[in-house]
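One-letter residues, chain by chain:
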Amino acid sequence: FFSGFSGQILYDPFLMMIFNIIFTSWPILVVGIFEQDVPDKAAMEHPQLYRRLAQGEEFSNSTFLNWILSSVWHSLLIFFGVVFLYKSDLLVENGQTFGLWGFATMSLMLCIVIVNLKIGIETRYWTVWNHISVW
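The paragraphs below set out a description of the structure included in this document. Keep in mind the model is a prediction, meaning the values are calculated, not measured.

## Regarding the overall build of the protein
Check the secondary structure of the protein and you find 6 helices and 0 strands. If you list the helices and strands of the protein from N to C, you get α-α-α-α-α-α. In terms of overall dimensions, the protein is more spread out than a globule: its C-alpha atoms have a radius of gyration of 20 Å, far above the 14 Å expected for 135 residues. Referenced to the eigenvectors of the C-alpha coordinate spread, the extents of the protein come out at roughly 65 × 35 × 25 Å. Looking at the protein as a whole, 17% of its 135 residues are labelled buried. Considering only residue pairs separated by 6 or more positions, the protein has 66% of its internal contacts joining residues 24 or more positions apart.

Take a look at the structure:
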């Protein structure tokens with residue numbers, strides 16, 4: 001297995017805290033507040049636009065499964081992509097190879113980039129706050 005049966009944690013606890021507080025909650029909160037499907041006036045004039053949402057048709061089991069499979073694909077891509085890069089013995093300037101912390105930092109940074117790109121792709125209505133929180 002890839003862990004070598006070690007009990008060593010992969011991520012520094014500080015990095016996990018920053019990831020959960022800043023990179024996970026902030027962009028989602030901002031997008032959730034400012035995202036609009038249709039302009040305000042159209043929503044007030046045509047309330048039937050939100051009937052599918054109120055009836056739960058937009059949040060089905062297939063939609064949930066699609067997001068779960070997408071996240072599994074992205075996690076496999078990140079992990080095996082970084083494993084592939086580390087198999088080539090990347091070197092730093094002084095000739096040493098990267099260790100566990102370098103592997104963890106690279107995989108966490110790729111995770112942050114992919115999450116923000118995914119949020120950017122799914123966002124339909126951009127505001128200044130969306131740009132600040134995502135990019």
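Here the narrative resumes, following the displayed structure.
## Structural notes on the packing of helix 1 (residues 13-34) against helix 5 (residues 100-122)
Packing of helix 1 against helix 5 leaves a shortest axis separation of 11 Å and a crossing angle of 5°. Between helix 1 and helix 5, the crossing angle belongs to the class labelled roughly parallel. When helix 1 is examined against helix 5, the residues L15, F19, F23, P27, I28 and V31 are found in contact with a partner set consisting of T105, L108, C111, I112, V115, N116 and I119.

## Describing helix 1
For helix 1, with 22 residues, the first-to-last C-alpha span of 31 Å sits near the 32 Å given by 1.5 Å per residue. Bending of helix 1 peaks at approximately 35° at the position of F19. Those residues of helix 1 that fall on the buried side of the exposure criterion are F19, P27, V30 and V31. In the core, the buried residues of helix 1 are packed alongside helix 5 and helix 6 (128-134).

## Observations regarding the side chain of T123
In this structure, T123 sits in the loop between helix 5 and helix 6. Residues within four places of T123 in sequence aside, it is in contact with V31, E35 and N130.

Quick notes on the rules
- Residues numbered from 1 in each chain as written.
- Predicted model: local features only at pLDDT ≥ 70, side-chain atom pairs only at ≥ 80, totals over all residues.
- Heavy atoms only, no water.
- Helix = DSSP H or I, 4+ residues; strand = E, 2+ residues; numbered from the N terminus.
- Rg over C-alpha atoms; globule rule 2.2 N^0.38 Å.
- Buried < 20%, exposed > 50% of the residue type's maximum accessible area, 1.4 Å probe, protein only.
- Contact = heavy atoms within 4.5 Å.
- Axes fitted to C-alpha atoms, helices over the stretch in contact; angles between N-to-C directions.
- Parallel < 35°, antiparallel > 145°, perpendicular 65-115°, else oblique.
- Expected span 1.5 Å × (residues − 1).
- Bend = angle between axes of the 7 residues up to and from the residue.

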